[in-house]
Amino acid sequence: KNEVEQSPQNLTAQEGEFITINCSYSVGISALHWLQQHPGGGIVSLFMLSSGKKKHGRLIATINIQEKHSSLHITASHPRDSAVYICAVSKNSGGSNYKLTFGKGTLLTVNP
Amino acid sequence: DTGVSQNPRHKITKRGQNVTFRCDPISEHNRLYWYRQTLGQGPEFLTYFQNEAQLEKSRLLSDRFSAERPKGSFSTLEIQRTEQGDSAMYLCASSSPQGGNQPQHFGDGTRLSIL
């Protein structure tokens, strides 16, 4: 079983819809990260959180440490939000090493 | 902040050849990570540097793989005697030395295709 599981694997939405992507993890973590990857490879860090909730524009990320679960929400979705959204966790491997363990990603397509 | 730069963006080579990739992290970042991503999968950790010291290597990093960061700035990842299974996107990320856990900044990756 992977340490980080995401659902759904694929998600298609109409422009304007509210979107939720879920992430569950099975290990102790230092922080949870939500990342966005567009076709062509580049990865952008959206959020890093270890408790509670963070908001940036139309994106909201929440985490429940006790349940080992996080959600990424997108309000008023737009076609430019179409991308792969990846959940990752960082654990302290000793010293300054906070290597990431990634989920497989959720492919989001927002249709106009 | 010029971001993390990786070169080349694409590399196509024949099986058995050696390849080398370069990563230039954000200048003040002393932490540098290499990850590998195959099609349809999330990235996987390969190795970690703090300054010039390679502090962790994944078991995915076979003896055909070597990474260096000689002056604690740019890093190189070399694959010797490439195999079909090495075809993947190789991603580099760096993070700030300040405090503990910091967000990682990724380059655009080097896509390796083995013929």
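Data block above holds the structure.
Here is a short report on the structure shown in this document.

Take the overall build of chain A next. In terms of regular secondary structure, chain A is built from zero helices and 11 strands. Written out in order from the N terminus, the α and β elements of chain A read β-β-β-β-β-β-β-β-β-β-β. Taking 112 residues into account, the globule formula puts the C-alpha radius of gyration at 13 Å, and chain A, at 14 Å, falls close to it. When the backbone C-alpha atoms are referred to their principal axes, chain A occupies close to 45 × 30 × 25 Å. Classification of the 112 residues of chain A by burial places 45% in the buried group. Residue pairs at least 24 apart in sequence account for 54% of intrachain contacts in chain A once pairs closer than 6 positions are excluded. Accessible surface for chain A amounts to roughly 5200 Å². Of this, 50% is attributable to carbon and sulfur atoms. Averaging the coordinates of the 10 positive side-chain charges in chain A and doing the same for the 6 negative ones gives two points 8 Å apart.

Our focus in this paragraph is the packing of aromatic side chains. Evaluated as defined, the whole model comprises seven aromatic pairs over all chains. For the pair B:Tyr35 and B:Phe45, a centre-to-centre distance of 6.1 Å together with 70 degrees between the ring planes defines the contact as edge-to-face. One end of the pair, B:Tyr35, is in strand S4 (residues 31–37); the other, B:Phe45, is in strand S5 (residues 44–50), with 10 residues separating them in the sequence. You can call B:Phe45 buried: its relative accessible area is 8%. The structure contains a cluster of three or more aromatic residues connected by ring pairs, namely A:Phe102, B:Tyr33, B:Tyr35, B:Phe45, B:Tyr48 and B:Phe106.

All right, on to the pairing of strand S9 (residues 83–90) of chain A then. Residues in a regular strand point their side chains to alternate faces of the sheet. All names here are of chain A. Most of S9 sits inside the fold, with seven of its eight residues counted as buried. The sheet contact formed by strand S4 (residues 31–37) and S9 spans seven bridges and is antiparallel. Paired with Gln36 across the two strands is Tyr85, which belongs to S9. Of the strand pairs in this sheet, S9 and strand S11 (residues 106–111) are connected by three bridges, and their pairing is antiparallel. When the sheet's bridge partners are listed, Ala83 is paired in S11 with Leu108. Direction of pairing for S9 relative to strand S10 (residues 100–102): antiparallel, over a ladder of three bridges. The residue of S10 that forms the bridge with Ser90 is Leu100.

Bringing the nonpolar core into the picture now. A:Ile19, A:Leu32, A:Trp34, A:Phe47, A:Leu49, A:Leu72 and A:Tyr85 are the most contacted members of the largest nonpolar core, which has 22 residues in total. Contact partners of A:Phe47, with chain neighbours within four places excluded, come to A:Leu32, A:His33, A:Trp34, A:Lys54, A:Lys55, A:His56, A:Leu59, A:Ile60, A:Ala61 and A:Leu72. Formed by 19 residues, the second largest nonpolar core is a distinct cluster that contains B:Phe21, B:Phe65, B:Ala88 and B:Ile114.

A word on the interface of chain B and chain A. Each side of the interface is counted separately: chain B has 23 residues, and chain A has 22 residues. Where chain B abuts chain A, roughly 1800 Å² becomes buried across the two surfaces, and 52% of that area is made up of carbon and sulfur atoms. A per-residue breakdown of the area chain B buries against chain A is headed by B:Pro43, B:Asn101 and B:Phe106, which together make up 31% of the total. Remark: the boundary between chain B and chain A carries one salt bridge. One salt bridge connects B:Glu56 with A:Lys99, and the closest N-O pair in it is separated by 2.5 Å.

Residues and elements named next belong to chain B. Sheet architecture is open: four strands sit in the order S1-S3-S8-S7, paired in antiparallel fashion. The open sheet has two edge strands, strand S1 (5–7) and strand S7 (65–68), and neither has a second partner. Averaged over all pairs of adjacent strands, the angle between their axes in this sheet comes to 15 degrees, without regard to strand direction. Across three bridges, the pairing between S1 and strand S3 (residues 19–24) is antiparallel. Bridging across to S3, Ser5 finds its partner in Asp24.

Rules and cut-offs
Residues numbered from 1 in each chain as written. Chains lettered and ligands numbered in written order. Predicted model: local features only at pLDDT ≥ 70, side-chain atom pairs only at ≥ 80, totals over all residues. Heavy atoms only, no water. Helix = DSSP H or I, 4+ residues; strand = E, 2+ residues; numbered from the N terminus. Rg over C-alpha atoms; globule rule 2.2 N^0.38 Å. Buried < 20%, exposed > 50% of the residue type's maximum accessible area, 1.4 Å probe, protein only. Contact = heavy atoms within 4.5 Å. Areas by Shrake-Rupley, 256 points an atom, 1.4 Å probe, with all protein chains shown as cover. Lys, Arg positive; Asp, Glu negative; His and termini not counted. Charge placed at Lys NZ, Arg CZ, Asp CG, Glu CD. Phe/Tyr/Trp six-rings, centres within 6.5 Å; stacked < 30°, edge-to-face > 60°. Pairing = 2+ DSSP bridges. Core = buried A, V, L, I, M, F, W, Y, C linked by side-chain atoms within 4.5 Å. Buried area = accessible area lost by both parts, 1.4 Å probe. Salt bridge = Lys/Arg side-chain N within 4 Å of Asp/Glu carboxyl O. Axes fitted to C-alpha atoms, helices over the stretch in contact; angles between N-to-C directions.

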